[in-house]
Amino acid sequence: MNAARVGVVTFPGTLDDQDAARAVRLAGAEAVPLWHADHDLKGVDAVFLPGGFSYGDYLRCGAISRFSPLMDELIPAARAGLPVLGTCNGFQILCEAHLLPGALTRNEGLHYICRDQGIRVENNGTAWTADFETGQEITLPVKHGEGRYVADADTLAELEGSGRVVFRYVGGNPNGSLNDIAGITNEAGNIVGLMPHPEHAVEELTGAPSVDGRGFFTSILRKLVNA
Amino acid sequence: MARVIVDVMLKPEILDPQGQAIARALPRLGFSGVRDVRQGKRFEVEIEGEADEAALAEVRKMAETLLANTVIEDFTVRVER
């Protein structure tokens, strides 16, 4: 059996692509580098949109990246069911691209927050969360200045009512996100975005607060292998 | 050539912590009577030719597509005379 191939996208200003690729490899998949300027998804089975400051966060976080040549390919593929995970800046890009509803705005307290954060898994029915239990509390690093999730009342009610809030902050909301939302999914459950960083919590050696991030990568691998 | 101004503001219901910080700083600097401050963005778009209805429609499209995120922001378009 060939290894599952997970694409990791690099934009100018992306920071977490190397950690993401390493996490993919640790889980036993092949990490395929994807370049923002290419119209080419290289036939990958899933895509990881990592964090950082793509295009320097100019205009709004993710606003420029969302129109990159790679996104021209990724947006229709994701709509057609390709599993996509966006963390931090990746989550912002998914919202700017309207692959996920709502937006990420400036943290309520204006401070850039960098800390270990408790998160509750609210939905293990997505492509990226199957190896968690619903209700399980995990710890992942957060590091962002614009992570306050907002959406209008109707969208929020729809997300809550249909189980599309995938992660919620516990033990204190770091950024003022509405309903303590840390991550959401689309209707089909193949696209997930969250502000915390699973790719930074896969190895004890690096001083991560946990290895809880591994679950994201083992979840997608199991799904791809069984597909 | 004409200059078209696009003002982008967070929607009223969206929290603006930057505006709040400015509003809190003003009394400390001796400015009284400020009830609220909201911070936004102003774009000056220089276009070729006249700022006619077709050109303004094009700028509105730019604003919807890129300059503003209409999920959280409103925008206005006007010609600078």
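That block above? That's the structure.
How each quantity is defined
Residues numbered from 1 in each chain as written. Chains lettered and ligands numbered in written order. Predicted model: local features only at pLDDT ≥ 70, side-chain atom pairs only at ≥ 80, totals over all residues. Heavy atoms only, no water. Phe/Tyr/Trp six-rings, centres within 6.5 Å; stacked < 30°, edge-to-face > 60°. Helix = DSSP H or I, 4+ residues; strand = E, 2+ residues; numbered from the N terminus. Buried < 20%, exposed > 50% of the residue type's maximum accessible area, 1.4 Å probe, protein only. 1 Å grid on protein atoms, 1.4 Å probe; cavity = no way out; pocket = protein on both sides within 12 Å on 5 of 7 lines; lining within 4 Å. Points joined across faces, edges and corners; volume = space filled by probe spheres on them. Salt bridge = Lys/Arg side-chain N within 4 Å of Asp/Glu carboxyl O. Patch = residues over 30% accessible without salt bridge, like charges linked within 9 Å, V, L, I, M, F, W, Y side chains within 5 Å. Areas by Shrake-Rupley, 256 points an atom, 1.4 Å probe, with all protein chains shown as cover. Lys, Arg positive; Asp, Glu negative; His and termini not counted. Charge placed at Lys NZ, Arg CZ, Asp CG, Glu CD. Pairing = 2+ DSSP bridges. Axes fitted to C-alpha atoms, helices over the stretch in contact; angles between N-to-C directions. Contact = heavy atoms within 4.5 Å. Arc of directions from axis to C-beta. Polar contact = N/O pair within 3.5 Å; in protein donor to acceptor, adjacent residues only side chain to side chain. Core = buried A, V, L, I, M, F, W, Y, C linked by side-chain atoms within 4.5 Å.

**Q** Where do I start with the packing of aromatic side chains in this structure?
**A** We describe a pair of aromatic rings using the distance from one ring centre to the other and the angle between the two ring planes. All names here are of chain A. Tallied over the full model, the rule gives four aromatic pairs over all chains. The interplanar angle of 10° and the centroid separation of 6.2 Å between the aromatic rings of Phe91 and Tyr149 together place this pair among those described as stacked. With a gap of 58 residues between them, Phe91 in helix α3 (residues 89–96) and Tyr149 in strand β8 (residues 148–150) connect regions that are remote in the sequence. With 5.3 Å between their ring centres and 70° between their planes, Phe132 and Phe216 make a pair best called edge-to-face. In this pair, Phe132 is assigned in the loop between β6 (113–121) and β7 (137–144) and Phe216 in helix α5 (residues 214–226), connecting sequence segments 84 residues apart. Judged by relative accessible area, which is 0%, Phe216 ranks as buried.

**Q** Mind showing me how you'd approach the layout of surface pockets here?
**A** Taking a probe equal in size to a water molecule and rolling it over the atoms shows the remaining empty space. Empty space within the largest pocket amounts to approximately 480 Å³. What lines the largest pocket is a set of 25 residues, among which Arg60(A), Arg106(A), Gln18(B), Lys41(B) and Glu73(B) lie closest to the centre. Contributions of two or more residues to the lining of the largest pocket are made by α3 and β5 (103–105) of chain A together with β1 (2–10), α1 (17–28) and β2 (40–47) of chain B. Taken as a whole, the second largest pocket holds about 170 Å³ of empty space. Considering the residues around the second largest pocket, the lining is formed by Arg148(A), Val150(A), Ala151(A), Asp152(A), Leu178(A), Lys11(B), Glu13(B), Ile14(B), Leu15(B), Thr70(B), Val71(B) and Ile72(B).

**Q** I tried to follow the pattern of salt bridges on my own but got confused; where do I start?
**A** Two side chains of opposite charge can pair, provided their charged atoms sit close to one another. Overall, the coordinates contain 19 salt bridges over all chains when judged by the stated rule. Ionic pairing is found between Arg60(A) and Glu96(A), a salt bridge with its closest N-O pair at 2.8 Å. Residue Arg60(A) is located in the loop between β3 (46–49) and α2 (69–79), and its partner Glu96(A) is located in helix α3; the two are separated by 36 residues in the primary sequence. Among the ionic pairs, Arg106(A) bridges to Glu146(A), the shortest N-O distance being 3.6 Å. Highlighted residues: Arg106(A) in the loop between β5 and β6 and Glu146(A) in the loop between β7 and β8, separated in sequence by 40 residues. The exposure class assigned to Arg106(A) is partly exposed, which follows from its relative accessible area of 31%. When salt bridges with common partners are traced through the structure, they connect Arg3(B), Arg42(B), Glu44(B), Glu46(B) and Glu80(B) into a single cluster.

**Q** Just to check I follow, could you spell out a negative patch on the surface for this structure?
**A** Taken together, the side chains of Asp152(A), Asp154(A), Glu13(B) and Asp74(B) make up a negatively charged region of the molecular surface. Structurally, the position occupied by Glu13(B) is in the loop between β1 and α1. Under the relative-accessibility criterion, Glu13(B) is labelled exposed at 61%.

**Q** Could you clarify how one ought to interpret the sheet that holds strand β10 (residues 181–185) of chain A in this entry?
**A** The strands making up a sheet associate through backbone hydrogen bonding, with each pair oriented either parallel or antiparallel. All names here are of chain A. Taken in spatial order, the nine strands of this open sheet run β2-β1-β3-β4-β11-β10-β9-β6-β7, and their pairing is mixed. Two strands close off the open sheet at either side, each with one partner strand: β2 (30–35) and β7. Ignoring which end each strand starts from, the neighbouring axes of this sheet average 25° apart. Relative to strand β9 (residues 165–170), β6 is paired through four bridges, and the arrangement is antiparallel. Among the inter-strand pairings, Val121 is bridged to a residue of β9, identified as Phe167. Relative to the sheet, helix α1 (residues 17–26) contacts β1 (5–10), β2 and β3, its axis offset from that of β1 by approximately 175°. Together, β9 and β10 form the strand contacts of helix α4 (residues 153–161), whose direction differs from that of β10 by roughly 75°.

**Q** Just to check I follow, could you spell out α1(A) for this structure?
**A** Three- or four-residue spacings in an α-helix give side chains the same orientation, since the helix completes a turn every 3.6 residues. All names here are of chain A. Buried within α1 are the following residues: Asp17, Ala20, Ala21, Ala23 and Val24. Within α1, the buried residues cover an arc of 160° as seen down the axis, which keeps them to one side. Considering only its buried residues, α1 is in contact with β1, β2, β3 and α5. The positive-phi residue at the C-terminal boundary of α1 is Gly28, with phi of around 100°.

**Q** In this structure, what is going on with the side chain of Thr10(A)? I would like to understand it.
**A** All names here are of chain A. Relative to the helices and strands, Thr10 resides in strand β1. Among the residues examined, Thr10 registers a relative accessible area of 18% and is labelled buried. Of the polar contacts made by the side chain of Thr10, one reaches the side chain of Asp17; its length is 2.6 Å. Ignoring any residue separated from it by four or fewer positions in sequence, one finds Thr10 in contact with Asp17, Leu34, Trp35 and His36.

**Q** Looking at this structure, I do not really get the nonpolar core. What am I missing?
**A** As a rule of thumb, soluble globular proteins bury nonpolar side chains together. Core analysis: the largest hydrophobic core is formed by 68 residues, its most contacted members being Leu49(A), Val84(A), Tyr149(A), Phe167(A) and Phe216(A). If near-sequence neighbours (up to four positions away) are discounted, Phe216(A) is found in contact with Leu85(A), Trp128(A), Phe132(A), Ile138(A), Leu140(A), Phe167(A), Leu194(A) and Pro198(A). Judged by nonpolar contacts, the second largest core, of 14 residues, contains Ala2(B), Val6(B), Ala55(B) and Val59(B).

**Q** In this structure, what is going on with unusual backbone geometry? I would like to understand it.
**A** The phi angle of most residues is negative, glycine excepted, and most peptide bonds adopt the trans form. All names here are of chain A. The residue Cys88 is not glycine, and still its phi comes out positive at about 60°. Topologically, Cys88 is positioned in the loop between β4 (84–87) and α3. Classification of Cys88 as buried rests on a relative accessible area of 6%. At Asn179, a position not held by glycine, the phi torsion is positive, near 55°. Tracing the sequence through the fold places Asn179 in the loop between β9 and β10.

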